[in-house]
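Understanding the architecture of this molecule
So the chains spell out like this:
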Amino acid sequence: MADVVSVFGSSRSAPGEPDYASAERCGRLLARAGFTVATGGYGGAMEAVSRGARLEGGHVIGVTAPAVFPGRQGANSHVVEERLAPTLTERIHGLVHPAAGYIVLPGSIGTLAELMVAWNANYVGVVDRPLVAVGPVWAELLPLIATRLDIPAGHVDLVATVDEAVAAVGVALRQG
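Report on the accompanying structure.

Cut-off values and rules
- Residues numbered from 1 in each chain as written.
- Predicted model: local features only at pLDDT ≥ 70, side-chain atom pairs only at ≥ 80, totals over all residues.
- Heavy atoms only, no water.
- Helix = DSSP H or I, 4+ residues; strand = E, 2+ residues; numbered from the N terminus.
- Rg over C-alpha atoms; globule rule 2.2 N^0.38 Å.
- Salt bridge = Lys/Arg side-chain N within 4 Å of Asp/Glu carboxyl O.
- Buried < 20%, exposed > 50% of the residue type's maximum accessible area, 1.4 Å probe, protein only.
- Pairing = 2+ DSSP bridges.
- Axes fitted to C-alpha atoms, helices over the stretch in contact; angles between N-to-C directions.
- Contact = heavy atoms within 4.5 Å.
- Patch = residues over 30% accessible without salt bridge, like charges linked within 9 Å, V, L, I, M, F, W, Y side chains within 5 Å.
- Areas by Shrake-Rupley, 256 points an atom, 1.4 Å probe, with all protein chains shown as cover.
- Phe/Tyr/Trp six-rings, centres within 6.5 Å; stacked < 30°, edge-to-face > 60°.
- Lys NZ or Arg CZ within 6 Å of the ring centre and 35° of its normal.

Section: the overall build of the chain
A count of helices and strands for the chain gives six helices and seven strands. Listing each helix as α and each strand as β along the chain from the N terminus yields β-α-β-α-β-β-α-β-α-β-α-β-α. In terms of C-alpha radius of gyration, the chain reaches 15 Å, essentially the compact-globule figure of 16 Å for 176 residues. Dimensions of the chain, computed from C-alpha atoms along their principal axes, come out at roughly 40 × 35 × 30 Å.

Take a look at the structure:
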């Protein structure tokens, strides 16, 4: 657990798109910093992070849920260690609870669900781990959620780039 960083992001990112390139850079930076990367194991940002980490010689864990996603053909080719989860809830649990920190890339409802579980785990004190969200969507959405639900936003750090996210997680984990 001490060296695992879970990265959440869109399954829709495609090679050649800025979000895909950013996700691949995130994986590279995490591997260079000595972290094991965990993702949902499928395509899009998950594949890009996995690819980046493997290009740097890093270890990649993919938490997949074949029963939930029967149309997906297993983990992407960059995953070294596939962990199977029987349900969507257990898949998210398998990404949140074993990790020492989290980075949230741009994504959709699945990414939001993962972020919310990690945020809630920090909020209720189940864990106290760095949680960093990247990009303008999260910078707009998370303060709104925090205000509307009357919860402290301090459990999530908002940054503009993956470089800042990896640096923030690295500093927090090396201090903690």
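Once the structure has been displayed, the description carries forward.
Description of the pattern of salt bridges
Pairing between side chains becomes possible if they bear opposite charge and their charged atoms approach one another. Scanning the entire structure with this criterion turns up six salt bridges. Among the ionic pairs, Arg28 bridges to Glu56, the shortest N-O distance being 2.7 Å. Of the two residues, Arg28 is situated in helix H1 (residues 18–32) and Glu56 in the loop between helix H2 (45–55) and strand E3 (60–64); the sequence distance between them amounts to 28 residues. The class for Arg28 is partly exposed, based on a relative accessible area of 25%. Since its relative accessible area comes to 30%, Glu56 is described here as partly exposed. For Glu56, the salt bridge identified is with Arg32, shortest N-O distance 3.2 Å. Residue Glu56 is found in the loop between H2 and E3, and its partner Arg32 is found in helix H1; the two are separated by 24 residues along the sequence.

A few points about the sheet that holds strand E1 (residues 4–8)
In spatial order, the strands read E4-E3-E2-E1-E5-E6-E7; together these seven strands make up an open sheet with parallel pairing. The outermost strands of the open sheet, each flanked by one partner alone, are strand E4 (81–84) and strand E7 (157–159). For this sheet the average axis-to-axis angle between neighbouring strands, irrespective of direction, equals 25°. Sheet analysis places strand E5 (residues 101–104) next to strand E6 (residues 131–134), joined by three bridges and oriented parallel. In the sheet register, Val104 faces E6, and the bridge partner there is Ala133. Those strands touched by H2 are E1, strand E2 (36–39) and E3, and its axis lies near 165° from that of E2.

So, the environment of Leu105
Summarising the element assignment, Leu105 is placed in the loop between E5 and helix H4 (109–123). Along the backbone, Leu105 and Ser10 are 95 residues apart, and their C-alpha atoms lie at a distance of 7.4 Å. Leave out the neighbours within four places in its chain, and Leu105 touches Val7, Phe8, Gly9, Ala23, Ala45, Val49, Thr111, Val134, Trp138 and Val162.

Comments concerning a nonpolar patch on the surface
A grouping of Tyr123, Val124 and Val126 is seen on the molecular surface, where their side chains present a nonpolar patch of about 280 Å² in accessible area. Positionally, Tyr123 belongs in helix H4. The exposure class assigned to Tyr123 is partly exposed, which follows from its relative accessible area of 39%.

Quick notes on the packing of aromatic side chains
One pair of aromatic rings is described through two measures. These are the centre distance and the angle between the planes. As enumerated under the stated definition, the model contains two aromatic pairs in all. Relative to Tyr102, the ring of Phe8 has its centre 6.1 Å away and its plane inclined at 15°; by these criteria the two rings are stacked. Of this pair, Phe8 sits in strand E1 while Tyr102 is found in strand E5, placing the two residues 94 residues apart along the sequence. Aromatic pair Tyr42 and Phe69: ring centres 5.5 Å apart, planes at 70°, arrangement edge-to-face. On the criterion of sequence distance, the pair formed by Tyr42 in the loop between E2 and H2 and Phe69 in the loop between E3 and E4 is long-range, its members being 27 residues apart. Directly above the ring of Tyr42 sits Arg72, whose terminal nitrogen or CZ lies 4.9 Å from the centroid.

In short, geometric facts, not functional conclusions.
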